[in-house]
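Below, each chain spelled out in residue letters.
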Amino acid sequence: MSTGDSLRLTYLIAICALWVQMAGMAIASDKRITVFIHASLIPMTSETVIPDQTVVIEGKQILSVGSSSQINTPPNSTVIDCRNAFLMPGLADMHIHFRQGWFDEKKPVSPLKLFLANGVTTVRCFGTRSQRNHYAFAWRKKIETGDLAGPNIIPCGPQLRGHFKENPENIVIRQKYQHYDFIKVYSFVTREEFHSIMSTAKKLDVYVAGHIPFQVGLDGVMAEGMNEIAHIEEFLWEFSDLDRKRYFENEGDWMTYAIQTTFNRFSPLLQLPPEEQEQEIEAMVTALVDRLKAKPIPVCTTLVIDDVIVQKLFDPKRFLEKPENRYLPSNYLERFRIGRDKHQLQFKDGEVFAPFKYLLDKKLLVALKAINTPLLLSTDAGTDGMGIVPGFSLHDELAILVENGFTPYEALAAGTVVASKIVQRMNGWDAFGTIESGKCADLLLLQENPLDDVANARKILGVMAAGRWYDRKAISEMLAIK
Ligand SMILES: [Zn+2]
């Protein structure tokens, strides 16, 4: 390490220490007390419902949890009676984006409100290609200080997409200093660039999540020690006959090449009778997952992407009539109506590949789960051109997980306790995802038990995010289109 590097590291450590201290002061200075009484508690520490529990909140933190008969309600506290209701930790969407499409005058409702209204109290933002469009960091500050209502935001910096104008090492160092929680790597990064990114990230202890770059491939990603794969669908390229030495200046050319090569590879499979097709897919998936067995790498599920693609291509009327799709930006919906949505273009004349890809991704989900891969509840909501609605889509993702062999507890764990443990690897804090003293006051009050039926997680009576309580009335105001 050079002198410059060590100086920068010292500076970084000092800043981090100050930041932790300030965060502690902010929590300590907020003494508002809220008490949830007589709740059926789903702490998510294990698969259990504990009857008649009290949860005391001070400021943004859970102070204590215990039997309602034993914990007294402190004076001057706000009391929320949870009789006949279920209290669980707020949910995390571990892969979202905040982008321009949601911020012009055509936006019906801010995505921050869509998340909160759906019980999503943490979002991990996978960034954009430019700093200019990157809202996550500024919003996080405003949400932390209470100037804005929204979920806790865990942001990466501007995506590392390749074609760099500077040494990628410098970008990693800069994003670390800017306090982003992780680095996002995109498909077009070359082998040399990826090596430079990963070796710098390892030196600085920076978490790297991303696509499997086309030139690098899964084996390269594993060898360099990338921390997480951003979608199950990223494994698709592993089944393709990509020439990993190819390089394109233009991102669009690179994508066209990858998609075309993959379609060519799968074409013969599509001719097979369904049973044989499924057997073939299972054999492919098993061989792939065997390569991960020794050291399962965390993966974001994002299967709702496939679900939405199939709807858009094969049942566009139903897609447009989905009640929550009224929250999509009107310029996106106009593009969809004239056939200019991202997937309408990508799958043009290859629509049959969409259900095939969905089946493949579902088989991957099952196989990854079987080798104990940490799977993270996530949707890719919020990108301009995909039609995935923030918040609502996370409940669709839960349903898809349960349809594919997860118990409701396992599906909810992917967006609570498992998610928080992964964030701990990123920034050192296992701060949410369970109801225990010391954890963040991010809670979801439900009318019915989500462990019986995961769809009950949609039956929301109220949401607490960073200690702020939103009752049913507040939630319906959030969702109103003015
Ligand atoms: Zn994404």
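Refer to the structure presented above.
Let us look at the structure shown here. Within each chain, residues carry numbers counting from 1 in the order of the written sequence. Only residues with pLDDT of at least 70 get local features here, since the model is predicted, and only at 80 or more are side-chain atom pairs given and counted; chain-wide, interface and lining totals rely on the full set of residues. Only hydrogens and water are removed before side-chain values are computed, so all heavy atoms of the structure are retained for them.

**Some remarks on the sheet that holds strand β6 (residues 91–96)**
So, step 1. In this description, strands pair whenever DSSP reports at least two bridges between them. We count a stretch as a helix when DSSP gives it H or I for four or more residues in a row; a strand needs E for two or more, and each element gets its number in order from the N terminus. Strand order in the open sheet formed by 3 strands is β6-β7-β8, and the pairing between neighbours is parallel. Two strands close off the open sheet at either side, each with one partner strand: β6 and β8 (152–155). Mean inter-strand twist for the sheet, computed between neighbouring axes without regard to direction, equals 15 degrees.
So, step 2. Note: β6 against strand β7 (residues 120–125), 4 bridges, orientation parallel. Its bridge partner lying in β7, Ile 96 is registered against Cys 125.
So, step 3. It only takes one pair of heavy atoms within 4.5 Å for two residues to be counted as in contact. Note on method: axes are straight lines fitted to C-alpha atoms, helices fitted across the in-contact stretch only, with angles between N-to-C directions ranging 0 to 180 degrees. Helix-sheet contacts for helix α3 (residues 136–145) involve β7 and β8, and the interaxial angle to β8 is about 150 degrees.
So, step 4. In the packing of helix α14 (residues 392–403) onto the sheet, the strands contacted are β6 and β7, and the crossing angle to β6 comes to about 100 degrees.

**A few points about the coordination of the zinc ion**
So, step 1. With water excluded from the atoms, a metal site may look incomplete; its donors are any N, O or S atoms within 2.8 Å, or within 3.2 Å for Na, K and Ca. Every protein donor of the zinc ion is listed here as His 95 (NE2), His 97 (NE2) and Asp 380 (OD), and their distances to the metal cover 2.0 to 2.1 Å.
So, step 2. Taken in sequence order, the residues that donate to the zinc ion follow the motif H-x1-H-x282-D. Residue His 97 is found in the loop between β6 and α2 (111–117), and its partner Asp 380 is found in the loop between β13 (375–376) and α14; the two are separated by 283 residues along the sequence. Residue His 97 shares its accessibility class with Asp 380, and that shared class is buried. Whether a residue is buried, partly exposed or exposed follows from its accessible area with a 1.4 Å probe, protein chains only, as a fraction of its type maximum: under 20%, in between, or over 50%, in that order.

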